[in-house]
Amino acid sequence: GAVVSQHPSRVICKSGTSVKIECRSLDFQATTMFWYRQFPKQSLMLMATSNEGSKATYEQGVEKDKFLINHASLTLSTLTVTSAHPEDSSFYICSARLPGYDSPLHFGNGTRLTVT
Amino acid sequence: KNEVEQSPQNLTAQEGEFITINCSYSVGISALHWLQQHPGGGIVSLFMLSSGKKKHGRLIATINIQEKHSSLHITASHPRDSAVYICAVRRLGNQFYFGTGTSLTVIP
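Let me begin by describing the structure that accompanies this report. Computed from a prediction, not measured in an experiment: that's the story for all the values here. (Residues numbered from 1 in each chain as written. Chains lettered and ligands numbered in written order. Predicted model: local features only at pLDDT ≥ 70, side-chain atom pairs only at ≥ 80, totals over all residues. Heavy atoms only, no water.)

What follows covers the state of the cysteines. Inspection of the entire model under this criterion finds two disulfides over all chains. What pairs with C23(A) in a disulfide is C94(A), and their sulfur atoms sit 2.0 Å apart. Disulfide C23(A)-C94(A): torsion about the S-S bond near 80°, hence right-handed. Remark: C94(A) occurs in strand β9 (residues 90-97) and C23(A) occurs in strand β3 (residues 19-25); sequence separation between them is 71 residues. Between the sulfur atoms of C23(B) and its disulfide mate C87(B) the distance is 1.9 Å. When the S-S torsion is -60°, as for the bridge of C23(B) with C87(B), the disulfide is left-handed. Within this pair, whereas C23(B) is found in strand β3 (residues 19-25), its partner C87(B) is found in strand β9 (residues 83-90), the two being separated by 64 residues in sequence. (Disulfide = S-S within 2.5 Å. Helix = DSSP H or I, 4+ residues; strand = E, 2+ residues; numbered from the N terminus.)

So this is what it looks like as structure tokens:
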């Protein structure tokens, strides 16, 4: 089946630094990838939709200068948390969808970000 | 008000019990997803539904488009089914709305 690999699984960084999270579709081409954030004991919150070769579409309230998304190829999307602060500490998950309107979602295993 | 409401929020069951998790939504959708999130955080897509019923092993998912309601059933529950189950709906295009999840614990 379709596999999505997310890296790193955990990262600890100092306040003010930037962190890049990668999301790769290993055995399929994903024209669309999604980035989510999850706070403890809460559900997923969609942050942005990433389309290959074009600018990401951010959800309301998500700062696009803070959370930079790049989808440079059909198999890779990256989320960069810039100038991280402790309140950015969260669980970040990506998902990808095969081309096709009704194709299912495939999720990465998530990245636990801790900003100290 | 959330576009997607799930019930119950928490559920504890004895091994072998039949389990039902409900999802109601208030928007027009093109598809509904049932997701399973394990304690480590990884998420697996269990079902994607736009009508009717789907079955995979001990899991059954149904959807009633007119009533804007879906159910996830687990037959002969097992401790390894313990996880958070999330209902997500997709509107036309790529808009997704997520329920707050149902935390299931199956006791041996």
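Time to look at the interface of chain A and chain B. Each side of the interface is counted separately: chain A has 19 residues, and chain B has 20 residues. Across the chain A/chain B interface, buried area totals approximately 1,600 Å², and carbon plus sulfur atoms make up 57% of it. The interface formed by chain A and chain B contains zero salt bridges. Our count for the contact surface shared by chain A and chain B stands at two residue pairs in polar contact (both at pLDDT 80 or more). Elements with a minimum of two residues in the side of chain A that touches chain B: β4 (32-38), β5 (44-51), β9 and β10 (105-107) of chain A. Of the residues forming the side of chain A that touches chain B, the biggest block, four residues, is contributed by β4(A). Class assignment for the residues of the side of chain A that touches chain B results in 10 nonpolar, seven polar and two charged. (Contact = heavy atoms within 4.5 Å. Buried area = accessible area lost by both parts, 1.4 Å probe. Salt bridge = Lys/Arg side-chain N within 4 Å of Asp/Glu carboxyl O. Polar contact = N/O pair within 3.5 Å; in protein donor to acceptor, adjacent residues only side chain to side chain. Nonpolar A, V, L, I, M, F, W, Y, C, P; charged D, E, K, R; others polar.)

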